[in-house]
Amino acid sequence: MSRDPLIAVVDYGAGNLRSVSKALERSGLRAEVCRDPASLRDADGIVLPGVGAFADAATSLRAKGLDEAIMAAIDDGLPYLGLCLGLQLLFEESEEHGSTPGFGLLPGRIERFGDRD
């Protein structure tokens, strides 16, 4: 008997977790909000929703070991969806509130849009 795919919605202390979980469930997937690295191992995919500051999110993810768990899952070929900040964190660094290292899975730097003339 097959089961619906389990999608881990990563909780780093901020983000639109309920909205993302409900959208996944409406699409026929099982969504589980995950706060620890071990819970990502059973997932069929990962969603990292993003709300907040890059530095705060990166610090929280690292403190909980979620950054390494996410990177390992991506390296293993697990589908990953980064929403807003969840995508930005894949890059090498961000200039928001000073230079903050990202996961380094994608080359590049997150920079602020220039001022309009």
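Residues numbered from 1 in each chain as written. Predicted model: local features only at pLDDT ≥ 70, side-chain atom pairs only at ≥ 80, totals over all residues. Heavy atoms only, no water.

1. A closer look at the side chain of serine 21
Its place among the elements puts serine 21 in helix α1 (residues 17-26). Among all residues touching serine 21, those that are not within four sequence positions of it are Val9, Ala31 and Val33. (Helix = DSSP H or I, 4+ residues; strand = E, 2+ residues; numbered from the N terminus. Contact = heavy atoms within 4.5 Å.)

2. What about the pattern of salt bridges?
Inspection of the entire model under this criterion finds five salt bridges. One salt bridge in this structure joins glutamate 25 and lysine 22, with 3.8 Å as the shortest N-O distance. In this pair, glutamate 25 and lysine 22 are both assigned in helix α1, three residues apart and thus about one turn of the helix distant. On the accessibility criterion, lysine 22 (43% relative accessible area) is partly exposed. Note that arginine 109 and glutamate 95 form a salt bridge whose closest N and O atoms lie 4.0 Å from each other. Taken together, the residues span a long stretch of sequence, with arginine 109 in strand β7 (residues 106-110) and glutamate 95 in the loop between β5 (91-94) and β6 (100-101) at a distance of 14 residues. (Salt bridge = Lys/Arg side-chain N within 4 Å of Asp/Glu carboxyl O. Buried < 20%, exposed > 50% of the residue type's maximum accessible area, 1.4 Å probe, protein only.)

3. Some remarks on the environment of phenylalanine 103
Following the sequence through the fold, phenylalanine 103 ends up in the loop between β6 and β7. When the C-alpha atoms of phenylalanine 103 and alanine 55 are compared, they prove to be 12 Å apart, with 48 residues separating the residues in sequence. When neighbours within four sequence positions are excluded, phenylalanine 103 is seen to be in contact with Leu61, Arg62, Asp67, Ile70, Met71, Leu89, Leu90 and Phe91.

4. So, the nonpolar core
If you look at the biggest cluster of nonpolar residues, it comprises 22 residues, and the most contacted ones within it are Val10, Leu40, Leu48, Leu61, Ile70, Leu89 and Phe103. Counting only elements with at least two residues in this core, the list comes to β1 (6-10), β3 (45-48), α3 (54-63) and α4 (66-75). For this core, the leading source of residues is α4, giving five residues. Sequence-distant contacts of leucine 48, defined by excluding residues within four places in its chain, comprise Val10, Tyr12, Leu61, Ile70, Tyr80, Leu81, Gly82, Leu83, Gly86 and Leu89. Within the second largest apolar cluster, seven residues are counted, among which are Val9, Val20, Leu24 and Ala31. (Core = buried A, V, L, I, M, F, W, Y, C linked by side-chain atoms within 4.5 Å.)

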